[in-house]
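# Structural overview
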Amino acid sequence: MIKAGIIGATGYAGGELVRLLAAHREVEIEWYGSRSYVDQKYADVYRNMFEIVDDRCMDDNMEELADRVDVIFTATPQGFCASLMNDTILSKVKIVDLSADFRIKSVPVYEKWYGIGHKSPQYIDEAVYGLCEINREDVKKARLVANPGCYTTCSILTAYPLVKEGLIDVDTLIIDAKSGTSGAGRGAKMPNLYCEVNENIKAYGVASHRHTPEIEEQLGYAAGREITLNFTPHLVPMNRGILVTEYAKLNPVQTADGGMGLPSYDQVKAVYDKYYSKEKFVRVLDEGVCPETKWVEGSNYVDINFVIDERTGRIIMMGALDNLVKGAAGQAVQNMNLMFGLKESEGLELVPMFP
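Read on for a plain summary of the structure.

Rules behind the numbers
Every chain begins its residue count from 1, and numbering advances along the sequence as written. Predicted model: local features are reported for residues with pLDDT of at least 70 only, side-chain atom pairs are reported and counted for 80 or more only, and whole-chain, interface and lining totals are derived from all residues. Side-chain measures here rest on the full set of heavy atoms in the structure, leaving out hydrogens and waters. Strand pairing is defined by DSSP finding a minimum of two bridges between the two strands. A run of H or I in DSSP becomes a helix once it reaches four residues, and a run of E becomes a strand once it reaches two; helices and strands are each numbered from the N terminus. When the centres of two rings from Phe, Tyr and Trp lie within 6.5 Å, Trp using its six-membered ring, the rings pair. Their planes under 30 degrees apart give stacked, over 60 give edge-to-face, and anything left gives tilted. When accessible area is computed with a 1.4 Å probe and restricted to protein chains, residues below 20% of their type maximum are described as buried, those above 50% as exposed, and intermediate ones as partly exposed. Only when the NZ of Lys or the CZ of Arg is both within 6 Å of the ring centre and within 35 degrees of the ring normal is a charge said to sit over the ring. Both site types are read off a 1 Å grid over the protein atoms alone. A 1.4 Å probe that fits but cannot get out defines a cavity, while an open set with protein on both sides within 12 Å along at least five of seven lines defines a pocket; lining residues have an atom within 4 Å of a point. Grid points are joined across faces, edges and corners, and a volume is the space filled by probe spheres set on the points. Residue classes follow a fixed rule: Ala, Val, Leu, Ile, Met, Phe, Trp, Tyr, Cys and Pro count as nonpolar, while Asp, Glu, Lys and Arg count as charged, and any other residue, Gly among them, counts as polar.

Let us look at the sheet that holds strand β2 (residues 27–33). In spatial order, the strands read β2-β1-β3-β4-β6-β5; together these 6 strands make up an open sheet with parallel pairing. On the outer flanks of this sheet lie β2 and β5 (128–129), each paired with one strand and no other. One ladder, built from 4 bridges, connects strand β3 (residues 71–74) with strand β4 (residues 94–97); its direction is parallel. Looking at the pairing, I72 lines up with I95 of β4.

Structural data, given as structure tokens:
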């Protein structure tokens, strides 16, 4: 059995990690770390775990934890994991960090967008960006994985095949994203109170959201050059889910008569199938079916589709996922499975919940 420790086990992403790992056949949770609830029973914090988890919450002593487990999940605010990282810890244990500390390869970019100094930049080059569908082979060899953000996972996977194959003009790419309130975390914040969120939808982080450079960096690798795009997130009054709608100009391709024109539906679909037809957790929907958050809730699936707008020469790409599963904890478990040579879908073959 793989012994796992979770730091930040009482946040939303940490709680989802506990839910997933409790049913994982190859993992035993050794450490439920939570600075806010030290020595309190975990099941008193999350009563869905009553008579399932009997352990008490412990502190966030990563040095001690590294001696007791095989893998550490850090579901913590930005800067925490980087502040504790050292060679001794990495020599003993594998780490899946759910924060942004090691996602962005440029230290100045990280420090600009997150507003904090990076405490362990020496590990940035080693860290593998844990988007399994793109970096699977690198994840298998990693000892430090930077688990992608929820908005970024959905945004990148939705556009990646078309960027990689040059079917869209990435300089025209616009991403409109909407998220449920759990994406903001469990901490009490006035903008996330019921009366503030209910019966309302609002944009936030306009032209300044910190997931923007992460999306740009990863899609830039696919494009083979640096790119700049517009990313605008919105908060919607639901617990879980992310829906992205992305717009871009299509690049002309050779048509059947030898001329140049917009790619056909079949040509675009073939590109998506090339990248995702064998992917367990990416579902490219049938023609005319738009992704909806309710059909991925509670699961590790990403639903993707597209519509070609011949009138404007643009393509509208759409993606939906559960921000706490594929957007956080599920992806972290998927990364862990790869790092330890397990079946990639172990513990994650969850049928989406409805209603």
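This paragraph deals with the packing of aromatic side chains. Counted by the stated rule, this structure contains 10 aromatic pairs. Pairing Y151 with F231 gives two aromatic rings, centres 5.3 Å apart and planes at 75°, and the pair type is edge-to-face. Of the two residues, Y151 sits in helix α8 (residues 150–164) while F231 sits in strand β9 (residues 230–235), which places them 80 residues apart along the sequence. Judged on exposure class, the residue Y151 and its partner F231 are both buried. Ring geometry for W295 versus F354: centroids 4.6 Å apart, planes at 45°, classification tilted. On the criterion of sequence distance, the pair formed by W295 in the loop between β13 (282–284) and β14 (302–309) and F354 in the segment after α12 (325–339) is long-range, its members being 59 residues apart. Accessibility expressed as a relative area gives 37% for W295, which makes it partly exposed. Taken together through their ring pairs, the aromatic side chains of Y265, Y272, Y276 and F306 make up a single cluster. A cation over a ring is seen here: K94 above F340, with NZ or CZ 5.7 Å from the ring centre. Stacked on the ring of Y301, the Lys or Arg R283 has its end atom at 4.4 Å from the ring centre.

A separate point is the layout of surface pockets. The computed volume of the largest pocket comes to approximately 1400 Å³. Q78, G183, A184, G185 and K189 are the residues nearest the centre of the largest pocket, which is lined by 49 residues in total. Counting residues per element, the ones that place at least two in the lining of the largest pocket are α1 (12–22), α8 and α12. In terms of residues, the lining of the largest pocket owes the most to one element, α1, which gives 3 residues. Residue classes in the lining of the largest pocket are distributed as 19 nonpolar, 23 polar and 7 charged. Each pocket or cavity is described by its volume, and for the second largest pocket that value is around 560 Å³.

None of this, on its own, says anything about what the molecule does.
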